[in-house]
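So the chains spell out like this:
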Amino acid sequence: MRAYATAMRRTATLPLPAGQSLAEQAYERFRQGLRSGALQPGQRVLEAELAERLGMSRTPVREAIRRLQSEGLLAPGPGGGLCVAAYGHAEVDELYVMREALEGTAARLAAQHAGRPDIMLLQRMVAEEAGLPAEAVAEHNRRFHRALHQAAHNRYLLRALSALSDALLLLGPTTLELPGRAVAAREEHARIVAAVAARDAAGAEAAARAHIQAAHAARLGMAAAEPG
């Protein structure tokens, strides 16, 4: 209980976009908690405790919880109640299969449709990666992939990738924490961007798929190293 309260207290101080309803704020606070690692898969979630820590009534929190359940981010916990959803090996494999397909499609469409500002942004982000402190690598990686998705200029693909990004929040620590993975990912990003800049659609898709395959392999390695 103490760990949960501390996690939500920390999450409640993070900034949010203006103009959101209380239910939207509660929803975003929860997702920020997942993204920051303050909330972990399997952790119990209590409506009353969440409302107290966020300084809200239970009505908007209940609405946010229903939305989180519908999106698969919350699941029934052992002994009743709800907890942060946790994926098994089969679900992780299925997630990465879809991620490979969607990221590959995004890279291919970016090579076909990205404007010069899109390409310059991607190139700048790759150039910045080498000088990042370790604690900034994961967030920069998320921003890089969002920029690639935006460069595809396909609103329907963006919706699918947004749902996939939510699911990725449940996987726990980033694979970029593994020794050598951040360096390898940077090289993989550079190959994707080079193909996009060259308008090589097939090459961009192949590079993006190879990048996700490498991330999947790293994720499997992390899972195999876990005790039990």
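Higher on the page you've got the structure.
A brief report on the enclosed structure follows. Since we're looking at a predicted model, the values are computed, not measured.

### Notes on the layout of surface pockets
Right, so step 1: Volume-wise, the largest pocket comes out at about 1100 Å³.
Right, so step 2: For the largest pocket, the lining is made up of 43 residues, of which A138, N141, R142, L168 and L169 are closest to its centre.
Right, so step 3: Contributions of two or more residues to the lining of the largest pocket are made by α2 (22-36), α5 (89-113), α7 (137-151), α8 (155-168), α9 (181-197) and α10 (201-225).
Right, so step 4: Top element by residues in the lining of the largest pocket is α7. It accounts for nine residues.
Right, so step 5: Along the lines of polarity and charge, the residues of the lining of the largest pocket split into 18 nonpolar, 13 polar and 12 charged.

### Quick look at the pattern of salt bridges
Right, so step 1: Taken as a whole and assessed by the stated rule, the structure comprises 12 salt bridges.
Right, so step 2: With a shortest N-O distance of 3.5 Å, R146 and E139 are connected by a salt bridge.
Right, so step 3: Three or more residues are tied together by salt bridges with common partners; here these are E100, R108, E205 and R209.

### Notes on unusual backbone geometry
Right, so step 1: Unlike most non-glycine residues, H153 shows phi in positive territory, near 55°.
Right, so step 2: Relative to the elements of secondary structure, H153 occurs in the loop between α7 and α8.
Right, so step 3: For H153, a relative accessible area of 52% gives the class exposed.
Right, so step 4: With a phi close to 60°, R199 is a non-glycine residue in the positive phi region.
Right, so step 5: Counting through the fold element by element, R199 comes out in the loop between α9 and α10.
Right, so step 6: The exposure class of R199 is partly exposed, given its relative accessible area of 42%.

### Digging into the sheet that holds strand β2 (residues 74-76)
Strand-to-strand pairing in sheets goes through backbone hydrogen bonds, with the strands running parallel or antiparallel.
Right, so step 1: Across the sheet, three strands lie side by side as β1-β3-β2; this open sheet has antiparallel pairing. With one partner strand each, in any of the chains shown, β1 (44-45) and β2 form the two edges of the open sheet.

### Here's the deal with the nonpolar core
Proteins that are soluble and globular tend to have nonpolar side chains buried together.
Right, so step 1: Core analysis: the biggest nonpolar cluster contains 21 residues, and F30, L34, V61, L74 and V84 have the highest contact counts within it.
Right, so step 2: Elements supplying a minimum of two residues to this core: α2, α3 (47-54), α4 (58-70) and β3 (82-84).
Right, so step 3: Ranked by size, the runner-up nonpolar core spans 20 residues in total, among them F144, I192, A201 and A207.

### Here's the deal with the packing of aromatic side chains
Right, so step 1: What the rule picks out here adds up to zero aromatic pairs.
Right, so step 2: When the ring centre of Y27 is taken as origin, the NZ or CZ atom of R67, which lies over that ring, is 3.6 Å away.

### Observations concerning the side chain of N141
Right, so step 1: Along the chain, N141 turns up in helix α7.
Right, so step 2: Its relative accessible area of 16% is what places N141 among the buried residues.
Right, so step 3: A polar contact is formed between the side chain of N141 and the side chain of H189, at a distance of 3.2 Å.

Quick notes on the rules
Residues numbered from 1 in each chain as written. Predicted model: local features only at pLDDT ≥ 70, side-chain atom pairs only at ≥ 80, totals over all residues. Heavy atoms only, no water. 1 Å grid on protein atoms, 1.4 Å probe; cavity = no way out; pocket = protein on both sides within 12 Å on 5 of 7 lines; lining within 4 Å. Points joined across faces, edges and corners; volume = space filled by probe spheres on them. Helix = DSSP H or I, 4+ residues; strand = E, 2+ residues; numbered from the N terminus. Nonpolar A, V, L, I, M, F, W, Y, C, P; charged D, E, K, R; others polar. Salt bridge = Lys/Arg side-chain N within 4 Å of Asp/Glu carboxyl O. Buried < 20%, exposed > 50% of the residue type's maximum accessible area, 1.4 Å probe, protein only. Pairing = 2+ DSSP bridges. Core = buried A, V, L, I, M, F, W, Y, C linked by side-chain atoms within 4.5 Å. Phe/Tyr/Trp six-rings, centres within 6.5 Å; stacked < 30°, edge-to-face > 60°. Lys NZ or Arg CZ within 6 Å of the ring centre and 35° of its normal. Polar contact = N/O pair within 3.5 Å; in protein donor to acceptor, adjacent residues only side chain to side chain.

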